[in-house]
Amino acid sequence: MNLPKTTMKPSIWTRLTQSKYFVYILVSPLFLILFAYVIYPLYKTFLQSVVGEAGLSTESYRNFFSLESTANLEALFNSVFISIISVISCAIVGVTMAFLLQRYEFPGRKVLSVLVLVPMALPPLIGALSFTFLYGESGIFPRFFQSLLNTDEVPFALSGIWGVIVVHTFTMYTYFYLTASAAIKDLDPSIEEAATSLGASRFRIWRKIILPMLTPAMVASSLLVFMISMASYTAPLMFGVERTMTMQIYLSRTNGNLEMAATQSTILSIVSILFLIIMRLYQNRRNYQNQSKGISVHRTEVRSTFMKYLSMILSIIGTIILLLPILVIVLISFSVDGEWTVQIIPTAYTLQHYIDLFTDGDTWRPIWNSIKMSTVAVVGNIIFGVAAAYAMARLNFKGKTLMDTLIMIPWALPGTVVAVNLIAAFSEPTVFSFNQVLIGTFWILPLAYFVRQLPLVFRSTFASLMQMDKSVEEAARSLGANWCYSFRKIVLPITMSGVLAGTLLAFVQGLGEFVASILIYNVSTMPMSVAIFQKLYAFQFGTACAYGVLQVLLIVIVLLITQKLEGSMASNNMM
Amino acid sequence: MKSVKLDHVYKMFGNAKGVEDINLDIQSGEFFTFLGPSGCGKTTTLRMIAGFYFPTRGKIYFDQQDVTTLQPNKRNIGMVFQNYALFPHMTVFENIAFGLQVRKRSNAAIKEKVNNVQKLVHLDGYGSRKITELSGGQQQRVALARALVIEPDILLLDEPLSNLDAKLREETRVEIKRLQVELGITTIYVTHDQHEAMAMSDRIVVMNKGKVQQIGTPQEIYNAPANTFVASFIGESNILQGVIKEINGNVVIVDLGEGVQLRGNKNNCGPNVQFTIGETVNLSIRPEMIVEGDGSNAISGEVQLVEFSGIMIKYLVKAGKNKINVMFVNKGINILERGEKITVHIPENGIYFLGKEW
Ligand SMILES: Nc1ncnc2c1ncn2[C@@H]1O[C@H](COP(=O)(O)OP(=O)(O)OP(=O)(O)O)[C@@H](O)[C@H]1O
Ligand SMILES: [Mg+2]
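All values derive from a computational prediction rather than experimental measurement.

Colleague: Help me out: how do you make sense of the nonpolar core in this one?
Modeller: Among soluble globular proteins, nonpolar side chains are generally buried collectively. Phe133 of chain A together with Phe98 of chain B are the most contacted members of the largest nonpolar core, which has 228 residues in total. Apart from the residues lying within four places of it in its own chain, the contact partners of Phe98 of chain B are Ala476, Leu479, Ala481, Tyr485, Lys489 and Ile490 of chain A together with Phe87 and Met90 of chain B.

Colleague: It is not clear to me how the interface of chain A and chain B should be interpreted in this structure. Could you clarify?
Modeller: Note: interface size is frequently given as the accessible area lost on complex formation between the parts. Every contact between the two is made by 27 residues of chain A and, on the other side, 36 residues of chain B. Summing both sides of the interface, chain A and chain B together bury roughly 2,900 Å²; the carbon and sulfur share of this comes to 63%. The interface formed by chain A and chain B contains one salt bridge. Here Arg47 of chain B makes a salt bridge to Glu474 of chain A, at a shortest N to O gap of 2.7 Å. In this structure, the connection of chain A to chain B is made through seven residue pairs in polar contact (both at pLDDT 80 or more). Counting only elements with at least two residues in the side of chain A that touches chain B, the list comes to helix 21 (470-478), helix 22 (483-512) and helix 25 (541-572) of chain A. In terms of residue count, the dominant contributor to the side of chain A that touches chain B is helix 21 of chain A (seven residues). When its residues are assigned to classes, the side of chain A that touches chain B shows 13 nonpolar, nine polar and five charged.

Colleague: Mind showing me how you'd approach the packing of aromatic side chains here?
Modeller: Between two aromatic rings, the relevant description is the distance of the centres plus the angle of the planes. Residue and element names in this part refer to chain A. Counted according to the given criterion, the structure contains 36 aromatic pairs over all chains. Centre to centre, the rings of Phe35 and Phe432 are 5.9 Å apart; their planes meet at 75°, and the pair counts as edge-to-face. Note that Phe35 is positioned in helix 2 (residues 22-50) and Phe432 in the loop between helix 18 (415-426) and helix 19 (444-452), a separation of 397 residues in sequence. Looking at Phe432, the relative accessible area reads 19%, which means it is buried.

Colleague: Got a minute to help me understand helix 1 (residues 42-50) of chain B in this structure?
Modeller: An α-helix turns once per 3.6 residues; consequently, residues spaced three or four apart project the same way. Residue and element names in this part refer to chain B. Among the nine residues that make up helix 1, eight are buried, leaving the element largely enclosed by the rest of the structure. Considered for burial, the residues of helix 1 that qualify are Lys42, Thr44, Thr45, Leu46, Arg47, Met48, Ile49 and Ala50. The first or second residue beyond helix 1 is Gly51, which carries a positive phi of 100°.

Colleague: Help me understand the packing of helix 4 (residues 71-103) of chain A against helix 8 (residues 160-186) of chain A, please; the structure alone is not making it clear to me.
Modeller: What describes two packed helices is the angle between their axes and the distance between those same axes. Residue and element names in this part refer to chain A. Their axes nearest at 5 Å, the elements helix 4 and helix 8 cross at an angle of 45°. As far as their axial angle goes, helix 8 and helix 4 are oblique. Here helix 4 runs over helix 8; the crossing is right-handed. Looking at the contact of helix 4 with helix 8 residue by residue, the classes come out as 22 nonpolar, eight polar and two charged.

Colleague: Help me out: how do you make sense of the pairing of strand 12 (residues 251-257) of chain B in this one?
Modeller: Consecutive side chains along a regular strand alternate between the two faces of the sheet. Residues and elements named next belong to chain B. The pairing of strand 11 (residues 238-248) with strand 12 spans five bridges and is antiparallel. Paired with Val243 across the two strands is Asp255, which belongs to strand 12. Taking the residues between adjacent antiparallel strands as the criterion, strand 11 and strand 12 are bridged by two residues, where Gly249 takes a positive phi near 65°. When strand 12 meets strand 13 (residues 260-265), the two strands line up antiparallel, connected through six bridges. Residue pairing across strands places Val252 opposite Gly264, the latter belonging to strand 13. The antiparallel pairing of strand 12 with strand 13 creates a hairpin that spans two residues between the two strands, and Glu258 there sits at a positive phi of about 55°.

Colleague: For this particular structure, what's the right way to read the confidence of the model for chain B?
Modeller: Considering every residue of chain B, the mean pLDDT works out to 90; 99% of them sit at 70 or more. Two numbers describe this predicted complex: its pTM, 0.81, and its ipTM, 0.79.

Colleague: Could you clarify how one ought to interpret the domain arrangement of chain B in this entry?
Modeller: Residue and element names in this part refer to chain B. Under the domain assignment, chain B is made up of domain 1 (4-230) and domain 2 (231-354). Computed from C-alpha atoms alone, the centre-to-centre distance between domain 1 and domain 2 is 38 Å. If you look at the interface, domain 1 gives 17 residues, while domain 2 gives 13 residues. For the pair domain 1 and domain 2, the two sides together bury roughly 1,200 Å², of which 58% comes from carbon and sulfur. The three residues of domain 1 that bury the most area against domain 2 are Tyr222, Pro225 and Thr228, which together make up 43% of that side's buried surface. Summed over the shared surface of domain 1 and domain 2, the result is zero salt bridges. Every element with two or more residues in the side of domain 1 that touches domain 2 is listed here: helix 6 (194-200), helix 7 (218-223) and helix 8 (228-233). Classifying every residue of the side of domain 1 that touches domain 2 gives eleven nonpolar, six polar and no charged.

Colleague: Just to check I follow, could you spell out the environment of Ala143 of chain B for this structure?
Modeller: Residue and element names in this part refer to chain B. For Ala143, the position within the fold is in helix 4 (residues 136-148). The class of Ala143 is buried, set by a relative accessible area of 1%. Measuring from C-alpha to C-alpha, the distance between Ala143 and Met79 comes to 8.4 Å, with 64 residues separating the pair along the chain. Dropping the residues within four chain positions of it, Ala143 is found in contact with Val80, Tyr84 and Leu86.

Colleague: Looking at this model, I keep getting lost on the sheet that holds strand 19 (residues 341-345) of chain B. Mind explaining?
Modeller: Pairing between the strands of a sheet comes from backbone hydrogen bonds, and it takes one of two forms, parallel or antiparallel. All names here are of chain B. Spatially, the five strands line up as an open sheet ordered 15-19-16-17-18, and their pairing is antiparallel. Two strands in the sheet have a free side with no partner beyond their single neighbour: strand 15 (291-292) and strand 18 (322-329). One ladder, built from two bridges, connects strand 15 with strand 19; its direction is antiparallel. Each bridged residue has a counterpart across the sheet, and for Glu292 the counterpart in strand 19 is Val344.

Colleague: Hey, could you run me through the pattern of salt bridges in this one?
Modeller: It is possible for side chains bearing opposite charge to pair when their charged atoms get close. Considering all chains together, one arrives at 25 salt bridges over all chains under this definition. Across the pair Arg169 of chain B and Asp193 of chain B runs a salt bridge, and its minimum N-O distance is 3.8 Å. Of this pair, Arg169 of chain B sits in helix 5 (residues 166-183) while Asp193 of chain B sits in the loop between strand 8 (186-191) and helix 6; the two residues are 24 residues apart in sequence, bridging distant segments of the chain. Between Arg173 of chain B and Glu170 of chain B there is a salt bridge, with the nearest N and O atoms lying 3.6 Å from each other. With Arg173 of chain B and Glu170 of chain B both in helix 5, this residue pair falls three residues apart, about one helical turn. It is possible to trace a salt-bridge network through shared partners that takes in Arg280, Asp404 and Arg459 of chain A.

Conventions adopted
- Residues numbered from 1 in each chain as written.
- Chains lettered and ligands numbered in written order.
- Predicted model: local features only at pLDDT ≥ 70, side-chain atom pairs only at ≥ 80, totals over all residues.
- Heavy atoms only, no water.
- Core = buried A, V, L, I, M, F, W, Y, C linked by side-chain atoms within 4.5 Å.
- Buried < 20%, exposed > 50% of the residue type's maximum accessible area, 1.4 Å probe, protein only.
- Contact = heavy atoms within 4.5 Å.
- Buried area = accessible area lost by both parts, 1.4 Å probe.
- Salt bridge = Lys/Arg side-chain N within 4 Å of Asp/Glu carboxyl O.
- Polar contact = N/O pair within 3.5 Å; in protein donor to acceptor, adjacent residues only side chain to side chain.
- Helix = DSSP H or I, 4+ residues; strand = E, 2+ residues; numbered from the N terminus.
- Nonpolar A, V, L, I, M, F, W, Y, C, P; charged D, E, K, R; others polar.
- Phe/Tyr/Trp six-rings, centres within 6.5 Å; stacked < 30°, edge-to-face > 60°.
- Axes fitted to C-alpha atoms, helices over the stretch in contact; angles between N-to-C directions.
- Parallel < 35°, antiparallel > 145°, perpendicular 65-115°, else oblique.
- Left-handed = near helix turned anticlockwise from the far one by under 90°.
- Pairing = 2+ DSSP bridges.
- pLDDT = per-residue confidence, 0-100.
- Domains from an automatic or database assignment.

Here you go:
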C-alpha cells in the first residue's frame, strides 16, 4: 500500500475538544452553580457570624457557649437529647415492625405491611398537626378520656419535648423499617440454618449472627434519623418547644439578632455536615449482604389460637394508630371553621373548604403560588440534576467526590439553615443573582426549593444511567449519531423513568415545603404550607386541613407513580 | 469498501499499557480477525479503529484518509457489540432504522432498506417486536442488521458470538461469513476462540500482552507459527527443547537427551532461527503429525493418560524426561491403557523449528 497522502489538519475546535482538560470546561458550570448556591451562602453566613460591628470577632461564639445565659447551650442539649431518644425509639419501632412483618405470618399482615409506610405520605407539618389534634392538650383523645372520667383537667396530653419525640418516632421509624426490612430480606436463611446445625441456640443465633448482620443497616439509619431530628423544626414549633437549635435560629432571626442566628446556623451546619461525612464514609465500608440470591425468607406462621387472636388484635390497633393521623385531618377538613372549640370532635360539617380551595381567590392563591414556585425549582433541578448525573456517570474527571458531596450538603442542612444562608447571601446584589436583591422577591423561594431538592433528580437519574449499558450509547455513535442526537434519542428515553421519578418527588416536596419558606416568604408569595400554618393560628382548622388533605393526596399519587416507574425501569434494563 | 491501516499505534491507559506498536494493513474486502487471550488488547485496538479511543501514539488510516482522531460518528463504520447494545426502548424496526434516520434518508427509502436487510438476516416480519421479546440469537441478528443497513465502509465485530449457546454459535458463524462474502465488506472480527478465527478469516493477527505476535492466513499461522506463543495458542503443540548436534545440508539433527535424537528439515522453520551446532533450539511437534509404530525419529515410552473423544484418541506419552501428546484418528484400533508401552515416530516434516521469543 502507498503511503497515506491526505493528512487532515485538526481544527482548533477539534484540538480543544480532544484535549485532556476539555472535560473540565464541560463540568465547570456545574461547579459554578454548586459554588454560587451552596458554598457561597454557607460562607456568607459564616462571615456574618464572625464579623461584628468592631470587625472580626468570636464574640457571638463565646456568647453561644457562655455559661451566663445558657439558652443556646440548653437548645443544643435539647436538640441532641431529642435526636438520641428519637433514634432509639425509631429503631425499636422500625426494627420490630420489620421483623414481625418479614418473619411472621399472621392475620392482617398484608394490610399492615402496606399501612406501615403511611407516615411517608405525611408532610412534616401535617404529621405534627395531626398529632396535636389527636393527642395534644385540646386533642380528641385527651378530651374523650376527660369526659369519660369526668375530670377537670385532661388526664393526659402530648406536649413539650416528649410530644416532639412521639411525632419524630411516628414520622421517622420508616427509615429503620425500610433498611431493616431490606437487610432481613437479604439475610440468607441458610446462614441461620448452618448456625443451627452447628448447635447454636436461638438466642445465640440472634446475638452472634442476626444482629451483627443488621448492624450496617442500623448504623446508617441511626445517622440519618439523628440528622433529620437535629434539623426538625415543625414538631418543636407545634409543641412549643422553643429551646431547640432550629427554633432558636428562627427566634434569633425574628428578634433581629442576625449575628447570633448566623452563629447558631453555622454550628448546626457543622454538626450536619459532619454527620453527612460520617455517613458517607460508613456507607463505603459496609457490605455483607447479597451473597446468595433467589432464596426468599421463610415466614414463621403464628399457630396457637391465643397468639392468633392476640396478633389479630394488635394488627387492628396498629392499623388504627397508623391511619388515625390521616383520618383526623380528613375529618377536620370537613368541619366548619371556628365551630370546634371544647367538644371532643367537631360538631358541624361542610364541603365548603374543598370548594373554596379551587374557587375562592384568596384560598386558591397559596396553592397556585406553590405550584408556580415548585415548577420553577424543579425545572432547575432537572437541568442541573441530569447534567450532573451524566457527568458523574460518563465523564472522567478529578473532583467527582467533591461534586457528589457538594450536591448532598444542602440535603443534610436543616431547612432553617438553608433559608438563613440564602438570606445572608442574597439580601444584597451579587453576581450569582445577576446583581439583584433576591430576598423579598418571588425568586428566593424557588431558589430555596432548588437547593433543598438538589440531590433528588440527580440521584434517580444517576441510578438509571448506571444501569444503562455504556455500549448502547456507543452503538448510536457508531451508527453516525452525534452526541446531541444520541443523548436526545437514546440516553434520555432510556433514563426517562429515573428522571421522572426524581422530578415528581422534587415537585411534591416543593409543594409541601414549610421550614425554609416560613423564613423567606412574603405576602404575595405565600406557599401552601405557610398558609396552613396561618389558618391554624386564625382557628380556621377546616381550611388548614383541606390544604393538608390536598398535599397528602398529591404525595400518595406521586408515590404510586414512582413505584410504577421503578418497576418499568427494572424491566427496561432486564437485558 | 475501505482498507484499514494502523501505523505504529500505541495506547496507554494512564501508566498501564493497553497495546504497543501495532502495525496492520487490512485489505479492502478482507475478513480480518484479531485473535488472542483475554486482556491482550483486541478490544482496545478495535475501539481505536471505531474511534471510541484515540491512540496515544501512531496513526490510523481508512484508505488514504487519516482518521486517527476523527469522531466515531464520522467514520461510517458498522459495529456489533459483544452484548449487542440494542436500544431497549425501540422496536426491531426502529433499532435498524436508527442509523438511516441519522443520515436523514426519506421514510420510503428507510422502509425499503430496513425491509431488505431484515430479509437478509432472516428477521422479516419481526419489525414491530420489542427487543425484549427476542431470543438471544435474534437480538444478535438485529445488531448485525443495524450495523449493515447503513452500508458501512468497515464492519467491526467484538466477540459477537460469545453470548450464544454452542449450536447457535455455529449457525450464526456461518451466517456472518455468508453475509460478509455476499456483501464483500471489509470486516474486522475480534475473538478469543481459535476455531472461530480459523474457520472464518482470510487473515488473522495473533496478539499477546498488547503486542502483535504474527499476522497471516489460518494455514500460515497453524503450519508456520512465528514463535512458541503462537505455536501453543493455536491448536495443540508439543514444544520440546534440544541441542543441535549436526547439520548436513538441509538435515538438522537435534539431541533431546537420554539418547533421543530427531532429524528435521532446516527449511521447516519459523523466523529468526539460528542453526549453530551446540546451541539449544525449540521444536514444535503437532500431536496429529505423530504416527504410531516404529520408523525414523522413533520414540518409545509409557502411556500416562488416555483421552477418548470419539473421532480421536489422545495419549500422553512419557519418554524419559519428555512428555509428548500424540493423537490418532479412531479407525477402530484397540485403545491402549495407562501404563502400557508405546512406540511412535515423527515424520521429518512434522518437526518444526521455532525462533527465540521476541
Ligand atoms: N479503559 C481502560 N482503562 C485502563 N485499562 C484498560 C482499559 N481498557 C482496557 N484496559 C487494559 O488494556 C488491556 C487490554 O484490554 P482489552 O479490553 O483490549 O482486552 P481484550 O483483548 O479485548 O480482552 P477480552 O478478551 O477479555 O475482551 C487489559 O490489560 C486491560 O486491563
Ligand atoms: Mg474484549
